[in-house]
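One letter stands for each residue in the lines below.
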Amino acid sequence: MLEQIIQFDQELFLLINRGLGNTVFDWLLPILRNPFTWSPLYLFLIIFFIKHYGKTGILIVACTLITFGISDATSSHLIKKSVKRVRPCNDVVFKSEVTLRARCGSGFSFTSSHATNHFAMAMFWIVLFRRKWRHALWLCLVWAISISFSQIYVGVHYPLDILSGAILGTLIGLGTGTLFKRFYPRFFENEHASN
């Protein structure tokens, strides 16, 4: 059963990594997965949260960082070091079939920390803002999905790494968002939902 799952995972990887190859994705997706690409967005959100929500904004920024810290520690240190799955681009048997479009990295593959971290932050923000901002749900999901998908396309993660990371991140983000909602319900009561 496990061998069948791994084989399917590899076949799906090749379908995305090689089958979807095109000049637009070759240019765009490595940019999307680069953390420096999103630095202006993070800076904007920090300024926006603090300016718009004051002390509550500082709390939102702090909780976002806590959410990121939990997700990164769980994926990068707890799961990856336990599972020890080799990246497709580092697998001595499989890497000859991989089209590598980014630096491979020496770390393990399962789960994808990119997927875990971005889905965790996205879901945390969705819990906080989906009733306040009409487009928060789809914007956050598109952001997390595009970054996660790019990890497969550039050749550094299998689809199962991404799916598992997305599920893990979603659970973490929902958890921290729910805790925020429980301990700071005033944030959700003070503003009406946007229409």
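This text goes with the structure placed above it.
A brief structural summary.

**Let's talk about the state of the cysteines**
- Taken as a whole and assessed by the stated rule, the structure comprises 1 disulfide.
- Here Cys89 pairs with Cys104 through a disulfide, and the sulfurs are 2.0 Å apart. Taking the torsion about the sulfur-sulfur bond, which here is approximately 85 degrees, the covalent link between Cys89 and Cys104 counts as right-handed. Taken together, the residues Cys89 in the loop between helix 4 (55-83) and helix 5 (113-129) and Cys104 in the loop between helix 4 and helix 5 connect sequence positions 15 residues apart.
- A relative accessible area of 9% places Cys89 in the buried class.
- Cys104 gets classed as buried once you look at its relative accessible area, which sits at 11%.
- The closest cysteine sulfur to the non-disulfide-bonded Cys63 is located on Cys140, 16 Å from its own sulfur.

**Focus: the pattern of salt bridges**
- Taken as a whole, this structure holds 3 salt bridges when the rule is applied.
- Of the charged contacts in the structure, one is a salt bridge between Asp9 and Arg85, with a shortest N-O distance of 2.9 Å. Note that Asp9 is positioned in helix 1 (residues 2-17) and Arg85 in the loop between helix 4 and helix 5, a separation of 76 residues in sequence.
- Taking the relative accessible area as the measure of exposure, Arg85 reaches 17% and is therefore buried.
- Across the pair Asp161 and Arg85 runs a salt bridge whose closest N-O atoms are separated by 3.0 Å.

**Quick word on the packing of helix 1 against helix 6 (residues 136-153)**
- Running from N to C, helix 1 and helix 6 cross one another at 100 degrees; their axes reach a closest spacing of 8 Å. One way to sum up the angle between helix 1 and helix 6 is to call them roughly perpendicular. Along the contact surface, helix 1 presents Phe13, Ile16 and Asn17, while helix 6 presents Phe149, Ile152 and Tyr153.
- Looking at side-chain class alone, the contact of helix 1 with helix 6 contains 5 nonpolar, 1 polar and no charged residues.

**Here we look at the packing of aromatic side chains**
- What the rule picks out here adds up to 21 aromatic pairs.
- Considering the side-chain rings of Phe180 and Phe187, the 5.7 Å spacing of their centres and the 90 degrees angle between planes classify their relative orientation as edge-to-face.
- We classify Phe180 as buried; its relative accessible area is 5%.
- The ring of Tyr153 has Arg101 sitting right over it, with the charged end atom 4.0 Å from the ring centre.

Conventions used here
Every chain is numbered on its own, with residues counted from 1 as its sequence reads. The predicted nature of this model means local features are confined to residues of pLDDT at least 70 and side-chain atom pairs, given and counted, to a pLDDT of 80 or more, with totals for whole chains, interfaces and linings taken over all residues. Hydrogens and water molecules were not included; the side-chain quantities draw on all heavy atoms of the structure. Working definition: a disulfide is two cysteine sulfur atoms within 2.5 Å of each other. Helix numbers and strand numbers start at the N terminus; a helix is a DSSP run of H or I with at least 4 residues, a strand a run of E with at least 2. Categorising residues by exposure relies on relative accessible area from a 1.4 Å probe, with only protein chains included: less than 20% of the type maximum marks a residue as buried, more than 50% marks it as exposed, and the intermediate range marks it as partly exposed. Any carboxyl oxygen of Asp or Glu that lies within 4 Å of a side-chain nitrogen of Lys or Arg is treated as forming a salt bridge with it. Between the N-to-C directions of two axes lies an angle of 0 to 180 degrees, each axis being a line fitted to C-alpha atoms and, for a helix, fitted only over the stretch in contact. Working rule for angles: under 35 degrees goes down as roughly parallel, over 145 as roughly antiparallel, 65 to 115 as roughly perpendicular, anything else as oblique. Residue contacts follow a heavy-atom distance rule, with two residues in contact if any of their heavy atoms lie within 4.5 Å. By the convention adopted, Pro, Cys, Tyr, Trp, Phe, Met, Ile, Leu, Val and Ala count as nonpolar, Lys, Arg, Asp and Glu as charged, and the other residues, Gly among them, as polar. We call Phe, Tyr and Trp rings a pair once their centres come within 6.5 Å, taking the six-membered ring for Trp, and we label the pair stacked below 30 degrees between planes, edge-to-face above 60, and tilted otherwise. In this scheme, the term charge over a ring applies when either NZ of a lysine or CZ of an arginine sits within 6 Å of the ring centre and within 35 degrees of the ring normal.

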